[in-house]
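Fold and contact review
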Amino acid sequence: EYHTFQHYFIQINLSMKLLTHNMMRSHCKGVVNGFPLKITSTQTEVKEIEFNADFIGRMLDRLEWPTLVDAARQLGLAVTLPEMRPEQGEGEDVLRRVHHVLLEVEVQEGELECPETGRTFPIRNGIPDMRLGEEE
């Protein structure tokens, strides 16, 4: 089972996906929570990744579900996610929609915005730049 998930993670490159976004926080000076980051995109790509229902089912409890639904809306994704977090035994159709939003949509160009300070962090070539200056 470990080998299966390890193979699956190899397919998932480190570009800016909503799975990554769901776990990111701002660490600007004075920020208490820094979550969730607002996400905007000027260029988004969809890259097909092998569907693994078991992986998606296990991720459901780890996700900040309202943040995922909101981020999908911010990006204008046509895929509709349920307002309430699906259960692990949910039908394959719902799990495939979650899979698509979490893993196949990649933000190539755009930005992330701290909800407390408004500080923006660029996303270039699929990589978010969260570096802070010394004064931040």
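Fair warning: this is a prediction, and the values are worked out from it, not measured in the lab.

A closer look at the side chain of His-21
Among the secondary structure elements, His-21 is positioned in helix H2 (residues 18-21). Side-chain polar atoms of His-21 contact the backbone oxygen of Leu-37, separated by 2.6 Å. Among residues more than four places away in sequence, those in contact with His-21 are Met-16, Phe-35, Leu-37, Ile-39, Thr-67, Ala-71 and Leu-112.

Remarks on the pattern of salt bridges
Under the definition given, this model contains nine salt bridges. Here Lys-47 and Glu-45 are joined by a salt bridge, their closest N and O atoms 3.6 Å apart. Overall, the relative accessible area of 35% leaves Lys-47 in the partly exposed class. Between Asp-93 and Arg-97 there is a salt bridge, and its shortest N-O distance comes to 3.2 Å. Here Asp-93 and its partner Arg-97 are both found in helix H5 (residues 92-104), four residues apart, which amounts to about one turn of the helix. A relative accessible area of 24% means that Arg-97 is categorised as partly exposed. Via salt bridges that share partners, Lys-17, Glu-45, Lys-47 and Glu-106 belong to a single interconnected network.

Some points on unusual backbone geometry
A cis amide bond links Phe-35 to the next residue, Pro-36, at an omega of -5°. Looking at where Pro-36 falls in the secondary structure, it is placed in the loop between H2 and strand E2 (38-46). Backbone geometry at Asn-125 places phi at a positive 50°, although glycine is not the residue there.

Procedures and definitions
Within any chain, residue numbers begin from 1 and follow the written order of that chain's sequence. Selection of residues for local features in this predicted model requires a pLDDT of at least 70, selection of side-chain atom pairs for listing and counting requires 80 or more, and totals for whole chains, interfaces and linings are taken over all residues. Derived side-chain values reflect all non-hydrogen atoms in the structure, with water molecules and hydrogen atoms excluded from consideration. Starting at the N terminus, helices and strands are each numbered in turn, a helix being any DSSP run of H or I of at least four residues and a strand any DSSP run of E of at least two. As used in this structure description, the phrase polar contact means that two N or O atoms lie within 3.5 Å; if the pair is within protein, one of them must be able to donate a hydrogen and the other to accept it, and residues adjacent in sequence are counted only when both atoms belong to side chains. Only heavy atoms enter the contact rule, under which two residues are in contact if any of them lie within 4.5 Å. Within this document, salt bridges are pairs made up of a side-chain nitrogen of Lys or Arg and a carboxyl oxygen of Asp or Glu, the two lying within 4 Å of each other. Using a 1.4 Å probe on the protein chains alone, a residue whose accessible area is under 20% of its type maximum counts as buried, one over 50% counts as exposed, and one in between counts as partly exposed.

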